[in-house]
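Structural features, examined
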Amino acid sequence: MGLGQSSDRREFSATKKLKQVMAQHFQELDQAVKRGSPKVAWCTSVGPAELLRAMGFLVYFPENHGAVLGASRKAMDYIPVANALGYSPDICSYLTSDVGAYLRRETPLVQTYGISGVPKPDVLVYNTNQCRDVQDWFHFYGREFKVPVIGITSPRGVEEVTEAHVKDVARQMEGLVPTLEQVSGTKLDMDRLRHVVGLSRRCSDLWKEVLETASAVPSPWTFFDHTIHMGPAVVARGTQEAVDYYEILLKELQERVKNGVAAVEEERHRLYWEGMPIWGKLRDLANLFMRLHSCIVASTYCNSWIFTDFDPDDPFHSMAKAYTNIFICHAEGWKEDYIERIVNQFQIDGILFHDAKTCPNNSNSRYSMPQRLQKRLGIPCLVIHGDLNDLRCYSEEQAVTNIEAFVEQLEEN
Ligand code: SF4
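Source: prediction; values computed, not measured.

Our focus in this paragraph is the site of the ligand. Around the ligand, the neighbouring residues are Cys92, Tyr94, Gln130, Cys131, Asp133, Val134, Met276, Cys359, Asn361, Asn362 and Leu388. Here the residues of the shell around the ligand sort into seven nonpolar, three polar and one charged.

In structure tokens:
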């Protein structure tokens, strides 16, 4: 996750505020490292950030850094550095980009936010709900920084999340508390946790609402805008700043809808993006779809930060439910039902599956899902082969040809 590249699309007035929120996030972390207070926790993107914030930590998300490296195309300089250390080119390219950048002691955050570097962790906290790569990734840094690495092992590939799953994850979350109290020097205050979970719920509800404005025809924004504006939902959920930001953005989007402002001129086709973004190609792809009068109105990826299960009155249980009920944890049947609901809600004409070479966890085209959905929903699906960060896996020429042919097919339907 992170800030992508801009394109020819219509800019938002809210972008200025977005930049302030993101800058504040990194500058506060930088200050904390310099002062030695508050303590810094690294967290996976769908890890228990609320618990960490409630215990006084500032929270840093390495996956966000991975996305920044991808969007700035720096990833290609760093992946081989991690490969040379034995981290395979076939594993998560967020991991290899991030570890490579660390080994080179470089980051674009220095230039973008005027900070001294990636903030050093006092503790690393993961959740395997998304994949196992995050566990290995965090253990690398645990060895480097000699700080505790703790985490949650989540059920994956389940059709339904049961009460037994939720109780297990909730117990594991509670089990993190003693180490976190030791590192932070602060006792967990349940009222503070309830407050943070409430802020995350509000952030998530607003993020859902802003994404749903794309169900308007024409859509006021596209997937490429979503990838930029999702920054606060990822790195600042559980804070008032994120809530304030999405209230501003929602007003602007509602205004666009009211005035019939289209993100894509003469919108003719409405598409769904399944899978990871291709961070280094966001601008080119945004321009391509603009030229083809096709608007990507919804995606699995950006919807992944909607957590409707958060309940401030029942923080541990609801956090466990929210983080176990995410799309990536589910089996194929559940995922297909989910996509069908979105296709109907957003009046989608076609689905693009991104098969990301280094992220099998977020690539859902490998077990015949496109063929099944095509038959079930009666709309065409296209598989694009690429990667989130490793552009060696992406043939632009082939992708553009396939996308153009796909849109031609939609024209004929
Ligand atoms: S889900 Fe995919 S992209 Fe995200 S950390 Fe895991 S392997 Fe990497």
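The next point concerns the pairing of strand E8 (residues 381–386). Here strand E7 (residues 350–356) pairs with E8 via six bridges, running parallel. Each residue of the ladder has a partner; that of Ile351, found in E8, is Cys381. After leaving E7, the chain enters helix H17 (residues 369–377) and then returns to the sheet as E8, a path that is right-handed.

Following both chains from N to C, one finds helix H16 (residues 332–345) and H17 inclined at 45°, their axes separated by 11 Å at the closest point. By the angle between their directions, the pair H16 and H17 is classed as oblique. When the axes of H16 and H17 are compared, the crossing they make is right-handed. Two secondary-structure elements touch here, H16 through Glu332, Lys335, Glu336, Asp337, Ile339, Glu340 and Val343 and H17 through Met369, Arg372, Leu373, Arg376 and Leu377.

Before going further, it helps to spend a moment on the packing of helix H8 (residues 163–184) against helix H15 (residues 315–324). Between H8 and H15, the shortest axis-to-axis distance is 8 Å and the interhelical angle comes to 115°. The crossing of H8 and H15 is right-handed. Contact with H8, carried on its side by Glu163, Val166, Val169, Ala170, Met173, Glu174 and Val177, involves Phe316, His317, Met319, Ala320, Lys321, Tyr323 and Thr324 of H15 and no other residues of that element. When its residues are assigned to classes, the contact of H8 with H15 shows nine nonpolar, two polar and three charged.

You can see Thr96 is positioned in helix H5 (residues 93–104). Owing to a relative accessible area of 1%, Thr96 belongs among the buried residues under this scheme. Thr96 has contacts with Tyr78, Ile79, Ala82, Asn83, Tyr87, Ser88 and Ile91, leaving out every residue within four places of it along the chain.

Spatially, four strands are ordered E2-E1-E3-E4 in an open sheet, and the strand pairing comes out parallel. At either margin of the open sheet sits one strand with a lone partner, and together these are strand E2 (58–60) and strand E4 (149–152). For this sheet the average axis-to-axis angle between neighbouring strands, irrespective of direction, equals 25°. As defined by bridge partners, strand E1 (residues 40–43) adjoins E2 across three bridges and the pair is classed as parallel. What sits directly across from Ala41, in E2, is Val59. Relative to the sheet, helix H7 (residues 133–145) contacts E1, strand E3 (123–127) and E4, its axis offset from that of E3 by approximately 170°.

What follows concerns the sheet that holds E7. Taken together, four strands build an open sheet; the order of strands is E6-E5-E7-E8 and the sheet is parallel. In this open sheet, the two strands that pair with only one neighbour each are strand E6 (294–299) and E8. Across the sheet, the mean angle separating the axes of adjacent strands is 30° when strand polarity is ignored. In this sheet, E6 lies alongside strand E5 (residues 269–274) in parallel orientation, the contact comprising five bridges. Across the sheet, the residue bridging to Tyr272 is Ala298, located in E6. In the packing of H16 onto the sheet, the strands contacted are E5, E6 and E7, and the crossing angle to E5 comes to about 155°. Across the sheet, H17 lies against E7 and E8, angled at about 175° from E7, the strand it touches most.

Let us look at the nonpolar core. Side chains that are nonpolar tend, in soluble globular proteins, to be buried together. Counting 147 residues, the largest nonpolar core has Leu51, Leu180, Trp207 and Ile351 as the members making the most contacts within it. Residue contributions to this core peak at nine residues, all from helix H9 (residues 190–212). Setting aside residues up to four positions removed in sequence, Ile351 forms contacts with Tyr272, Glu274, Ile339, Val343, Leu373, Leu377, Ile379, Pro380, Cys381, Leu382 and Phe406. Membership of the second largest hydrophobic core comes to five residues, among which are Leu69, Ala75, Ile79 and Ala101.

What follows concerns the pattern of salt bridges. Tallied over the entire structure, the rule returns 24 salt bridges. In this structure, Lys208 engages Glu212 in a salt bridge whose closest nitrogen and oxygen atoms are separated by 3.1 Å. One end of the pair is Lys208 and the other is Glu212, both in helix H9 and four residues apart, which spans about a single turn. The exposure class assigned to Lys208 is partly exposed, which follows from its relative accessible area of 30%. Take Glu212: its relative accessible area is 26%, and that puts it in the partly exposed class. One salt bridge connects Glu336 with Arg376, and the closest N-O pair in it is separated by 3.8 Å. With a gap of 40 residues between them, Glu336 in helix H16 and Arg376 in helix H17 connect regions that are remote in the sequence. The exposure class assigned to Glu336 is buried, which follows from its relative accessible area of 7%. You can call Arg376 partly exposed: its relative accessible area is 38%.

Calculation notes
Residues numbered from 1 in each chain as written. Predicted model: local features only at pLDDT ≥ 70, side-chain atom pairs only at ≥ 80, totals over all residues. Heavy atoms only, no water. Near = heavy atom within 4 Å. Nonpolar A, V, L, I, M, F, W, Y, C, P; charged D, E, K, R; others polar. Pairing = 2+ DSSP bridges. Helix = DSSP H or I, 4+ residues; strand = E, 2+ residues; numbered from the N terminus. Right-handed = clockwise from strand over helix to strand, strands pointing away. Axes fitted to C-alpha atoms, helices over the stretch in contact; angles between N-to-C directions. Parallel < 35°, antiparallel > 145°, perpendicular 65-115°, else oblique. Left-handed = near helix turned anticlockwise from the far one by under 90°. Contact = heavy atoms within 4.5 Å. Buried < 20%, exposed > 50% of the residue type's maximum accessible area, 1.4 Å probe, protein only. Core = buried A, V, L, I, M, F, W, Y, C linked by side-chain atoms within 4.5 Å. Salt bridge = Lys/Arg side-chain N within 4 Å of Asp/Glu carboxyl O.

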